[in-house]
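Chain by chain, the residues run as shown.
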Amino acid sequence: MGDVRVTWENGHDHFRIFMHGERIGLFLPLVGSGLSRVMTTDIGANIGNARSTDAGSDPRRGSGEAAAAPLQLDELQRAFSSAAKVFVTLDDAQWLTKFRTHHRCVDRYRDECIFMAGDAAHIHSPAGGQGMNTGLQGAAKLAWKLGAVLRHGAPAGLLATYESERLPVARETIAFTDKLNVALVPQSAVCPAGATKTLSCDETCSTAVLKRHVFRKW
Ligand SMILES: Cc1cc2nc3c(=O)[nH]c(=O)nc-3n(C[C@H](O)[C@H](O)[C@H](O)COP(=O)(O)OP(=O)(O)OC[C@H]3O[C@@H](n4cnc5c(N)ncnc54)[C@H](O)[C@@H]3O)c2cc1C
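Residues numbered from 1 in each chain as written. Predicted model: local features only at pLDDT ≥ 70, side-chain atom pairs only at ≥ 80, totals over all residues.

(A) Structural context of the overall build of the chain. For the chain, the count of helices and strands is 8 helices and 9 strands. Considering the chain as a whole, with its 218 residues, one finds that 23% of them fall into the buried category. For the chain, the proportion of contacts with a sequence separation of at least 24, taken over those separated by at least 6, is 63%. (Helix = DSSP H or I, 4+ residues; strand = E, 2+ residues; numbered from the N terminus. Buried ≥ 20, exposed ≤ 12 C-beta atoms within 10 Å, placed from the backbone. Contact = placed C-beta atoms within 7 Å.)

(B) Geometry of the environment of phenylalanine 80. Assignment of secondary structure puts phenylalanine 80 in helix α3 (residues 73–84). Sequence separation of phenylalanine 80 and isoleucine 24 is 56 residues, and the distance between their C-alpha atoms is 8.7 Å. In this structure phenylalanine 80 touches Gly25, Val38, Thr40, Val88 and Leu90, once residues within four positions along its chain are discounted.

(C) Here's a closer look at the sheet that holds strand β2 (residues 16–19). If you trace the 5 strands from one edge of the open sheet to the other, you get β2-β3-β4-β1-β5, paired in antiparallel fashion. Unpaired on one side and paired on the other, β2 and β5 (89–96) mark the two borders of the sheet. Strand-to-strand twist of the sheet, defined as the mean angle between neighbouring strand axes without regard to direction, takes the value 30°. Looking at chain direction, strand β1 (residues 2–7) and β5 are connected through 5 bridges and run antiparallel. Bridge assignment links aspartate 3 to a residue of β5, and that residue is tryptophan 95. Here α3 sits on the sheet in contact with β1, β2, β3 (24–29), β4 (35–40) and β5, set at roughly 120° to β5. (Pairing = 2+ DSSP bridges. Axes fitted to C-alpha atoms, helices over the stretch in contact; angles between N-to-C directions.)

(D) Spotlight on the pairing of β1. Across 4 bridges, the pairing between β1 and β4 is antiparallel. Bridged to valine 4 within β4 is serine 36.

(E) Here's a closer look at the site of the ligand. Around the ligand, a shell composed of Phe99, Gly118, Asp119, Pro126, Gly129, Gln130, Gly131, Met132, Asn133 and Gly135 is seen. For the shell around the ligand, the residue count by class is 3 nonpolar, 6 polar and 1 charged. (Near = placed C-beta within 6 Å. Nonpolar A, V, L, I, M, F, W, Y, C, P; charged D, E, K, R; others polar.)

(F) Structural detail: α3. Taking 1.5 Å per residue, 12 residues should reach 16 Å; α3 reaches 16 Å between its end C-alpha atoms and fits that length. Here α3 has its buried residues at Leu76, Ala79, Phe80, Ala83 and Ala84. Each buried residue of α3 sits inside an arc of 125° when the element is viewed along its axis, so together they form one side. Check the buried side of α3 and you find it contacts β1, β2, β3, β4 and β5. Positive phi shows up at lysine 85, right after α3, with a value of about 60°. (Expected span 1.5 Å × (residues − 1). Arc of directions from axis to C-beta.)

(G) How the structure looks around the nonpolar core. Ranked by internal contacts, the top residues of the largest apolar core, which has 16 residues, are Val6, Val38, Leu76, Phe80, Ala83, Val88 and Leu90. Contributing elements (two or more residues each) for this core: β1, β3, α3 and α5 (160–184). Residue contributions to this core peak at 5 residues, all from α3. Structurally, this core is a two-domain feature, drawing no fewer than three residues from each of domain 1 (2–96) and domain 2 (105–215). Residues Cys105, Tyr109, Ala117 and Ala121 belong to the second largest nonpolar core, which totals 10 residues. (Core = buried A, V, L, I, M, F, W, Y, C linked by C-beta atoms within 7 Å. Domains from an automatic or database assignment.)

(H) Looking closely at helix α4 (residues 131–152). With 22 residues, α4 ought to run about 32 Å at 1.5 Å a step, and its terminal C-alpha atoms sit 31 Å apart, in line with that. Residues of α4 that are buried include every one of Gly131, Thr134, Gly135, Gly138 and Leu142, and no others. On an axial view of α4, the arc spanned by its buried residues comes to 95°, and they lie on one face. Across from the buried face of α4, at angles greater than 90 degrees, the exposed residues are Met132, Asn133, Leu136, Ala140, Ala143, Trp144, Gly147, Arg151 and His152. For α4, the elements touching its buried residues are β8 (114–115), β9 (122–123) and α5. Positive backbone phi, at 75°, marks glycine 153, one or two positions downstream of α4.

Here's what the structure looks like:
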């Protein structure tokens, strides 16, 4: 992904998402500039993702050298053209980066006076846009509990409820985003053949199908 100038036949007015079964592409015009945020999936780089929920698992496990190399503009241009199915020229890159979809969670939110929060505690697919929100809600909860104990004399046991309240939320969020990711990302590319049902683009976009695959309680 990156912030770049996009020259193509589609103009610069609307947010666009491309789902043709091989890649997902996102085009987000940045208001007040000729730049846009462009993002595509790179399924090949996703194959080696860490999926362990064990504390201390190595997030780099299985990653290839290509996935670790800095993103080049021509690489993004090729990937985005392939996602959008039209010829695209990208230039004037402000920044470029690769991100990988993780699937990990700590098993404890607290070790004595150390508390975990945000992506350090739980990290998962950006599908559904929940990582920052989950982290902020956890941090807000931790902040008021710390304030109550340290400033207002609440019992220290209150701090133990941080983990019991937030760890289930993290686990549920990871399970949810994982399902959403599997529903949205072309499955034939990330799963062994025949391991899961492959959704076509039309199926994936249908609210009924998303409800059936994602919102059903696991
Ligand atoms: C493509 C993408 C789209 C996303 N979209 C959404 C969305 O729409 N909605 C949403 O809610 N979430 C979204 N997220 C998730 C969200 O970005 C993260 O959950 C959030 O940024 C995590 O914040 P954080 O402060 O916990 O961690 P980070 O943002 O990772 O901050 C940690 C900081 O610590 C610094 N750091 C690391 N190690 C050290 C060290 N040893 N010493 C000092 N500093 C250090 C890092 O440089 C970094 O600045 C998205 C994520 C991605 C990748």
